[in-house]
Structure formats: structure tokens, C-alpha cells
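Residue-level structural notes
Chain residues, written in single-letter form:
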Amino acid sequence: MTADGWVWASFGLLLVLLGARAWVVETGHATLGRTPVKVKVLTGACGVAVALVVGLVAANGGARLVYLVLHPEVAQALEDAENAADATTAPATPAPAEPAPQTAPPSVPASAPVTAPPSAPASAPPARPAAGP
Amino acid sequence: MTTTGTRQPGEHPPGGAGARAGGPAPTPSPTPSPTPRPPREAETAVIGPPAPHLPGQQATGEQAAGEKLPVARYAEPATVVMPALRPGAAPAGAPPTPGSPRPGPPAPPPAPPVPRRWRWYSPVLALLAIALLPVAAATTDLDALDGWGLAKVLGPAAWAALACAVGACVVELWSPRPRVPMLATATGVLVLCSTGLPSIVEPVARFTTSYVIAGFVDAVAGDGVPPPGIDARFFWPAFFAQWAWFRDASGAADLDVVLRWFPPVVVLVWATGVYALARSMLGGTRAPWVAAWLFVGLNWIEQDYFSPQAVGIVLLLTVLTFALGPLATRRTDAAGVPGWPPPHSDAPRLPLLRRWIVAAMTPPNRPTLPPRQLLLIYFCAALCLLALAPEHQLTPFAIIGQLTLLAVVGRFRGRGLVLVAILAVVVYIIIGARDFWTSQIGLLLGSGDDGNALEEGIAARLAGDLGQIGVKLLRIAVPGLTWLLAIAGAWVYWRRRRDLVPIFLAAVPMAFAAVQSYGGELFLRIVLYGLPVLAILGADALRAFARSNRGREKLLAVGMLLLFPVLVLIRGGNEAYMVVTPEDITMTRAAFAETPPGSKIVPLDNTGPYAMQGVGTYEREGDDVESCKERNKKTASDYTRCILDDEPDVLLIYTSTEKKGVVLDNREPGWSRQVVDELVASGEYRVRYQNGFNAVLVKTTPTVVSAPPPGAPGGN
């Protein structure tokens, strides 16, 4: 499993634990001033799962993102460098290929068989709107 | 008097125990009642269905008890207070007879019979509105669109349909007993005749951006993989994938019908959410409907087109409705009893710090729902929050802010949902959208230039001819008036419930102002995310306004009759260049079909359905000719020069492009035709298709392009 997979798995585990805790809390009998042991155990497990998710996210890019957010000049420099690298690696001229087909007559939308530019628009261009109120 | 909980009807528990929180304190009887204890079966009887009561028949306690004798349970101890006498069974003025229990509270007077005519007014008006819509479509002249937009070209039938829809709503609301199904139907008709008016009078979907989204869906359809390096919105692909799946599963060739009817349908769903929210926040039977109509009438923002944010707001409203409805904890005294509120007028108030501490340490009450229903609601709410993360960039932050506020003030049960929402967004952005923040970190950080965003959001939009400027000034005025009305509603809400949370809920999205990189549309989103709560508070203000003087209800009805035409004017203000014709669509599809993949197809300006397909297959640098970005400073000759520099293989020109230049950029009519003529005269381009202002220009010497990738998605 990849590192990203571990993050998603830990997040799924957290959701399962939160659901289990909700089930125990809502279906159990509440006693004023006391928290059932099951709820305490599940609360601790949820805390551990949250820590696991946060740690894995931090290790898989979260820490780097926080660093870039805190240092925008570094982030901008990295982005500029990446853009420059993309520009240099992009082909200067398009790869040769066969030209676009010109033999087939272009189809036109139905009921609009205009192939040459008319001297005037088919429908008169709308005039500038009159000054309204 | 027994202490096992068995009480006589009309008796109160000692010391107020058992009274509902917030309810009036029990008033002890000044003189103990000498009434003897009634028969025991009267205390534990199970109330059956009410028996028919003949007029003039006086039901005594024995008679009432006798009616329930067959189901009386003698063997079980009495644990529940069950009145033996039906409330109001005895005449209110009749003196209690010795040996019979005291009469209960007087029954409410029977509701007056609803006149038969009331039953027919609303349906007739709704049907009339529907019947007028085809006439409205036939009498609207879309060719005459100008800077004033749709409102100017609508025929009388359209306005009559809108008036009938408003009348159907108002008449049913004024009915002595409003019927919920009829109100819901009238609301649907109102949405259709206002928000849905463009969908009715225009033959195909409007708005360029909805076709851009359709193009994204088209790109995801097939292999289900978003094309890389095309658009940042592909990093939140849930909406595109969802509709691509729908399209593939249904075997549809395109989504044109969906695009056309999406706005009225989604606004109706939003209005349903606002109604549900208002039922929780305002109560009553009429005010929630007014809130929904107010929301529809004030929603000029037009984020209801076929887009991820439209579905995102549906999910947001769902979660908010859960939080403020079934998950809401009942609001009780902030610091318990006694002390707050003061027990009597002369008592000093407790120190604020103590009230805060006690309030913070008081656990919230549980919602009065069975556990399994609560769990189901948690599940659905969590599902909505998880779905929001890959759906849209901004909406998850809006709901996180609102849920956090509600959690901090202890207003809903299930605060783990906040954790789910935060972690879902964090995990998705950092892991799922890693390519986004590694390559476009500048977008994430924002420029921080407040003035620039303000200028882009407001000042830069105040351009165009007189009609355009008038409409845009109205767009600025309406949110201001909305906020004023909502602040008045917040004051009313505070006086009634001592609660300022709703107005803060509407203000939470303003935190987005820190994200300046989102551009000018950010301000539209701020207004939109707060609009449901603002509409509800506005409805509260209007209710207080009408309650103080019933004659004002007529004034409010007139106001509603004015609000919706203004909505049509504002929403349709850009129609001159937002409208799309069937010819535009046919021309675009033909252009893509006749152009080899890899070619560069660009529109002259960012209007028309130019992006409805070919994303990832054809080269396209943005939404415009690359070197002609500052369009408002360009003449037709400048455009020609830009195009000759940029050398696109195919140039798409629409009638909406021409009209946009005229009404928004103050160019001379016929400027796009001048561009076409100049390009053809240069010898670099030839006309492949032309009809009116619509034109497709292709290079006379086509650029050699790379071979099409195998399996590349074709057109739709």
C-alpha cells in the first residue's frame, strides 16, 4: 500500500471509530456525572486515530504545505521555477503530422448555408440601446 | 396527594419540577380544592379516539371515564398523568358539579370553516401562471436583447404569469388554513416563473460557464479520468464525475436538457432547504414559506447554473438543516436556574463571568429523537460533509465555519461532525489534490490584495451601457437591503429568543474575504452562502412588521409583487450576451467535428458555448484569444492583430460576442463583423461558416498538429 493509501486507511479507521462511539453514546443509558467505560475507551481510540491521521498527513505533504504557506516567497520561487521548467521542456515547434483534412466539404448547421462572408449581416446588427430612464 | 407521579388533571408538580424548560412557572391555587379524588381508572385510562360529541350533551367525568372503561388497566400502578376528562368536554362556563373533577382548560374555539372560494383561488392562479408560460415563450423577442437584458424583451404574458404565481402564493398564505401541498406547489410555480423564466423563453440553456462545466463533464466521461494540466477545477472533480456517470449510464449523447432546466430545479431544492431551516428557527406555519420566497426573490447571484457550487450548496443546506433541526439542542437558560434570567425584576443579575462559566459547564440537552434516528442523521450529515470535500473549493469552508460556530455555542449535538468535516477537507486537499498545491501554490495563498479583489468584484463590473450599469447598481443595492432587513430580523430574533447566533451564521462566510485569490466572484459567494440565514431573519422581521399591524400584510404582498420582477430584471440583465441559441450549439459541434484533434480552437471572446466539448483534446489557452485579454481597451483592429499574432486554427464568433462588445464594452455595432472582414482580407483565414454574426473562421494554412491520442474523448 502506498503512503497515500495509508492516509486514506487511517482516515477511514477514524470514521469507523467515530461511528462506533456515536453508536455507544446514543444507544447507551446516560448517567449524569459518569461516562461509561466503553465511551472512554472509544474516545481514547478516536484521539489516537486523529493523531495517526494528522501525523500521516503531515508526513505525506502536510508539513511541506504548512512550510510553503508560512514562507510564501519560497513557494512563489518554487512555482516560478516549475513554470520555467515546463516552458523549457515544452516543444518549441509542434510535432510534424499530416495537415488537417481539407478535402471534405465542411458541414454547416442546418438551414444556414452561408459559406462566403456576406457584405452585410444576415440579420441587421442591433443598434446601440437607446438611453433608458 | 401521592408522590408516585399520579396527579389530578390541572395539578402541577411541586416546586415546578417536571415543568418544561422555559415554560411559565406553575401558579399555585390560592385555595386548596375540596374536590374529592375521582375514580382511579380515570388516572390511568388510555385515551382512545375521540368519540362523537352530540351538541348540547354535557359530558361529565363519569361519562368520560365510562367511555374508556373497556381499555382501563386496573392492575398496573398509575405512573403517567392522563386526564380523565377530555379538554373542553364540559361547557366552559358550567360550574363544576360536586363529585366531578375540575374541568380542564377551555378548549380552543373551533376553527371557522374555510370559505369554499379560498380553496380555489390559489390553484386557479397557479394553473393560470403555468398556462401563460408557453404564451410568454412565444411572445418573447430574444433578438431584441440589449443592455437591459431579458426584462425588456419579455411579453406581457410573462409578467402576467409571474404575477399569477405571486398571487397563488399570497392567496394561499392568506387563507384561514393554508394547505402545505398547495403552498409547496405555488412555490414551485413561483420558482418556475421567476428563476426558471430564462429556461422557458430560451430554447436552450444560457450562460457560457454552464457549457464550460458541460465540457468538463464531457472530458471526464469515457475513461473517468480528468485531463491533467487543463483547469484547476479538475482537482475537485466530484461533480464532473457524477454527471459523467449519469450521462454514460443513461446513454445520453449530451446534457443539453439538464443544463437548461438545472437552475429552476436546484433553486427549488435550495428553497426547500431554506423552508426546513426556517421551520426550525422561526416556527409557525406561514413564516417558513415567506422565508423560502424571500430567498428565491433575493437570489440574484446566479450560482444556480449547472455547476459544482450549486450542488455544494444543496449539501451545505442539508447539513445546516440537520444541525439546526433534529440535532439542535434546546435552548435553555444560559446559566441554569436560579439566577438567569433574574427571578424577579428587582433581583440583581449575576456577574457575566459566572453566567459564562455556568453556561459553558452546562451540558447541552439531548435532542428528543430516538437513538437510531440520531445515528441515521449523523451518518447522512457525515456523508454530505465527505461529499463536499471533492465537490467544490469554497463550500466546505463555509459549512465548517458555520458548524464550528454552532459547536462553540453548544447549539447542536454531534460535534464530531466538525472533526469529520475538517479532516475530510485537509486530507483531500493535501493528499487528493497534491498536484494542485504543488503546482499552483500561488492560487492557494492568494495575493492578499484586498483592493484588487474589491475592484474586480464590484468596481470593474460597473461597466457597459446605461442598462448594464443600472442593472449592476441594482445588484449592489439588493445585497445591501438584504443585510439591512436581516439585521432588523436579528434584532427581532434577539428580543424574542435572546439569540444572536443566526446573524453570525450569515456573517461567517465573510471570512472568505481573506482568500483574495478567488477573484471577483468571491463576493457573490459570500452573499450566497449567507443568503439562506439572511432570508430567514428577514422573514422574522417581516413577520414582526405585519404582526404589529395586520393591514401591513397587504403592503408586504405588494412588495412581493414588486420584488420578483426586479429579480427577473437583475438576473436577466446580462442576457444579451448570456443567451445561447441552438444555432450556436450546432455551429460549435460542427466546428469541433471538422477540426482535427490537437488543433487550437478559441472563441473571439469568452461568450457562447465554445467550451462544450473538446477539453483535453483540442488546444485552448484560456477563455479568450490569448493576447487579447484586456478586451475593454481593444478595438476591432486590435483584435485582428491579436488573432494574427496568436494564430488559432479555428476562431469561433457568436452573436453574443458581438452583443457583449456593444452593451458591455461600448464598441460600435458590427465590430465583430469588422474583425471577420479584416481577418479574411489578410489572407490568413477563410470563412467556413457564417450566418449573421455567427461565424467559424479557419486558417488558410492549417497548423500541423500532433496525431490525436488514442482513445481520446470525442465530442458529446
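Residues numbered from 1 in each chain as written. Chains lettered and ligands numbered in written order. Predicted model: local features only at pLDDT ≥ 70, side-chain atom pairs only at ≥ 80, totals over all residues. Heavy atoms only, no water.

Looking now at the confidence of the model for chain A. Atom-level detail of predicted coordinates should not be read off regions where pLDDT is low. All names here are of chain A. Confidence in the prediction for chain A averages 71 pLDDT; 61% of positions are at 70 or higher. Mean pLDDT across the elements of chain A bottoms out in helix H3 (residues 72–89) (75) and peaks in helix H1 (residues 3–27) (94). Counted against residues more than four places away or in other chains, residues 91–133, with its pLDDT under 50, gives 59 contacts. (pLDDT = per-residue confidence, 0-100. Helix = DSSP H or I, 4+ residues; strand = E, 2+ residues; numbered from the N terminus. Contact = heavy atoms within 4.5 Å.)

Glancing now at the sheet that holds strand E2 (residues 650–653) of chain B. All names here are of chain B. Spatially, the 4 strands line up as an open sheet ordered E1-E2-E4-E3, and their pairing is mixed. Both edges of this open sheet fall to strand E1 (601–603) and strand E3 (685–691), since each of them pairs with a single strand only. Neighbour-to-neighbour, the strand axes of this sheet turn through a mean angle of 20°, independent of strand direction. Along the sheet, helix H25 (residues 582–593) contacts E1, E2, E3 and strand E4 (694–699); its crossing angle with E4, the most-contacted strand, is approximately 15°. The sheet contacts of helix H28 (residues 671–682) involve E2, E3 and E4, and relative to E3 the element is tilted by about 145°. (Pairing = 2+ DSSP bridges. Axes fitted to C-alpha atoms, helices over the stretch in contact; angles between N-to-C directions.)

Attention now goes to the pattern of salt bridges. Residue and element names in this part refer to chain B. For the structure shown, the criterion picks out 19 salt bridges over all chains. Across the pair Glu302 and Arg206 runs a salt bridge whose closest N-O atoms are separated by 2.6 Å. With Glu302 in the loop between helix H11 (287–298) and helix H12 (308–324) and Arg206 in the loop between helix H7 (197–201) and helix H8 (208–220), the pair connects residues that are 96 residues apart, well separated along the chain. With a closest N to O distance of 2.8 Å, Arg411 and Asp499 form a salt bridge. (Salt bridge = Lys/Arg side-chain N within 4 Å of Asp/Glu carboxyl O.)

With that settled, the discussion passes to the packing of helix H6 (residues 180–193) of chain B against helix H10 (residues 256–281) of chain B. Residues and elements named next belong to chain B. Look at H6 against H10: their axes get within 9 Å of each other, and the N-to-C directions meet at 145°. When you trace H6 past H10, the crossing you get is right-handed. Between H6 and H10, the residues in contact are Thr187, Gly188, Val191 and Leu192 and Trp261, Pro264, Val267 and Leu268, respectively. Taken together, the residues that form the contact of H6 with H10 break down as 6 nonpolar, 2 polar and no charged. (Left-handed = near helix turned anticlockwise from the far one by under 90°. Nonpolar A, V, L, I, M, F, W, Y, C, P; charged D, E, K, R; others polar.)

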